[in-house]
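# Secondary and tertiary structure notes
Chain residues, written in single-letter form:
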Amino acid sequence: MSSDALYTVEIDAGEVGGGALEGPAAVLRQGGLVAFPTETVYGVGADATDPEAVRRIFEAKERPTGHPLIVHVDGVGAARELVVDWPQVARRLAEAFWPGPLTMILPKSSVVPDVVTGGLETVGVRLPDHEVAKALVSEAGCPVAAPSANPHEAISPTRASHVERGLGERIDCLVDAGATPLGLESTVLDLSVSPPTILRPGMVPRRDIADALDGDVRLDDGTEVAADDAPRPSPGLSENHYAPSGELLLVDREELAAARPLDNRVGAVVRGEEPELGEGTHLVLPAGPSGFARHLYDALHELDASGCRRILVERPPEEESWRPVWNRLRRAASGRDPA
Ligand code: TXA
Ligand code: MG
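Scope of this entry: the structure provided in the associated data block. If you're wondering where the values come from, they're calculated on a predicted model, not measured in any experiment. (Residues numbered from 1 in each chain as written. Chains lettered and ligands numbered in written order. Predicted model: local features only at pLDDT ≥ 70, side-chain atom pairs only at ≥ 80, totals over all residues. Heavy atoms only, no water.)

The helix and strand inventory of the protein chain stands at 10 helices and 15 strands. The buried share among the 339 residues of the protein chain stands at 53%. Across the protein chain, contacts joining residues at least 24 apart in sequence account for 65% of those joining residues at least 6 apart. Per element, the accessible surface of the protein chain, about 14,500 Å² overall, is 45% carbon and sulfur. (Helix = DSSP H or I, 4+ residues; strand = E, 2+ residues; numbered from the N terminus. Buried < 20%, exposed > 50% of the residue type's maximum accessible area, 1.4 Å probe, protein only. Contact = heavy atoms within 4.5 Å. Areas by Shrake-Rupley, 256 points an atom, 1.4 Å probe, with all protein chains shown as cover.)

Let's shift gears to the sheet that holds strand 7 (residues 144-145). The strand order across the open sheet built from 11 strands is 1-8-2-3-7-4-6-5-9-10-11, with neighbouring strands paired in mixed fashion. In this open sheet, the two strands that pair with only one neighbour each are strand 1 (7-10) and strand 11 (218-219). Relative to strand 11, strand 10 (residues 197-200) runs parallel, the two sharing two bridges. By the bridge assignment, Thr-197 is partnered in strand 11 with Arg-218. Those strands touched by helix 1 (residues 22-29) are strand 1, strand 2 (34-37), strand 3 (42-47), strand 7 and strand 8 (173-176), and its axis lies near 135° from that of strand 1. (Pairing = 2+ DSSP bridges. Axes fitted to C-alpha atoms, helices over the stretch in contact; angles between N-to-C directions.)

As a further point, take the packing of aromatic side chains. Applying the stated rule across the entire model yields two aromatic pairs. Summarising the aromatic geometry, the rings of Phe-292 and Trp-322 are spaced 5.4 Å apart at their centres and angled 65° between planes, so their arrangement reads as edge-to-face. Taken together, the positions of Phe-292 in helix 9 (residues 289-305) and Trp-322 in the loop between strand 15 (310-314) and helix 10 (323-332) put the pair 30 residues apart, joining distant regions of the chain. (Phe/Tyr/Trp six-rings, centres within 6.5 Å; stacked < 30°, edge-to-face > 60°.)

Another point: the pairing of strand 10. As paired elements, strand 9 (residues 187-190) and strand 10 share three bridges and run antiparallel to each other. Within strand 10, the residue paired with Val-188 across the bridge is Arg-200. Where strand 9 hands over to strand 10, the hairpin turn is made up of six residues, counted between the paired strands. Each parallel crossover has a hand, and the one from strand 10 via helix 7 (residues 206-213) to strand 11 is right-handed. (Right-handed = clockwise from strand over helix to strand, strands pointing away.)

Time to look at the packing of helix 1 against helix 5 (residues 131-140). How two helices pack is summed up by the angle between their axes together with the distance between the axes. Relative orientation of the contacting elements helix 1 and helix 5 amounts to 55°, with a least axis distance of 8 Å. On the basis of their axis angle, the class for helix 1 and helix 5 is oblique. Every pair of crossing elements has a handedness; the one defined by helix 1 and helix 5 is right-handed. On helix 5, the residues that touch Glu-22, Pro-24, Ala-25, Leu-28 and Arg-29 of helix 1 are Leu-136, Glu-139 and Ala-140. Here the contact of helix 1 with helix 5 is built from residues that sort into five nonpolar, no polar and three charged. (Parallel < 35°, antiparallel > 145°, perpendicular 65-115°, else oblique. Left-handed = near helix turned anticlockwise from the far one by under 90°. Nonpolar A, V, L, I, M, F, W, Y, C, P; charged D, E, K, R; others polar.)

All right, on to helix 9 then. In this model helix 9 runs 24 Å from its N-terminal to its C-terminal C-alpha over 17 residues, within 8% of the 24 Å that 1.5 Å per residue would give. At His-295, helix 9 is bent by approximately 35°, the largest bend along its length. Residues of helix 9 that are buried include every one of Gly-291, Phe-292, Ala-293, Leu-296, Tyr-297, Asp-298, Ala-299, Leu-300, His-301, Leu-303 and Asp-304, and no others. As for helix 9, its buried residues are in contact with helix 6 (160-166), strand 12 (247-251), strand 13 (266-271), strand 14 (281-285), strand 15 and helix 10. With its phi angle positive at about 90°, Gly-307 sits one or two positions after the end of helix 9. (Expected span 1.5 Å × (residues − 1). Bend = angle between axes of the 7 residues up to and from the residue.)

The next thing to look at is the sheet that holds strand 14. Judged by pairing direction, the sheet is parallel, and its four strands sit side by side in the order 12-15-13-14 without closing on themselves. Only two strands of the sheet have a single neighbouring strand rather than two, namely strand 12 and strand 14. For this sheet, the mean inter-axis angle between neighbouring strands, taken without regard to orientation, is 20°. With five bridges connecting them, strand 12 and strand 15 associate as parallel partners. Looking at strand 15, one finds that Glu-247 is bridged to Arg-310.

Structural measurements only, silent on function.
Below, the structure is given as structure tokens:
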């Protein structure tokens, strides 16, 4: 290991005891940046109460300062300190889905510096369902502001190696606990409006949220038609995120077949069955939405790293259970998908 190697702590997600996270937690307390796994993707975190530390996240990612960050907590009590009020809807949703991939947006308390929320009066809070993330936040003793640990507009990382490739020496510490179990970012739900509105679909589906609330839930994820004059509610959600550096095209099986043989500058991500594509690189992902979601970013990272200039992704079914995947694919395809 060279002397300038990134400070990396490898840890088994099942064995967080034993002081392995003391070092990373100390880095957080000292105002440093620590990348760590959650059940969705890796985040790059800083002490949410330290404006200078949080500013460094924006620098490391080259993220526009108006794009709000999610604050990670280790329990409901810690979440309540970050917001003005903990309404009945939040209580119900926390009971139903926390720890888990649901980010709730509520009016922020004075504990949260403006830099965290990009100047907004609301804050996104989340209790991740990952032992390493929870233990790190507990050990640090502060709420942890953490966006996905990728450079702005690049693909979110689901492995430590993705973080290292994307952010490398821009961070102070990397906690490596292997691949993240869900592979796609949390559902972002705005509770500061009525009815509650999903700004980013994720693995907690709209139907389950509506059931838990016994009420209406809107969807405004930027891929559905909104009134022309409606302000974009969530800075950062309306752009082409999640993109590999090559071109990403959504295609169906027939188009895939027509594209063969793939040359080594073209890669493909297909669903379920092995296609007949000849020589080129293609990765076969599980046929169902959660299996596909779990491996999608990993596949895109792999094809990207192998130098593919163009990535063909097999179009998934137009079904509600595929909504989170569609949301990411449409953005990654930079609006090229006609659907
Ligand atoms: O699964 C996840 O949510 C991962 C892990 C690390 O927790 N985090 C993540 O963070 O994806 P980030 O920053 O890459 O995406 C959070 C999204 C942003 O696009 C942001 O616009 C939205 O949530 N968001 C955060 N706070 C908000 C707020 N107060 N109002 C509206 N949108 C907000
Ligand atoms: Mg992100």
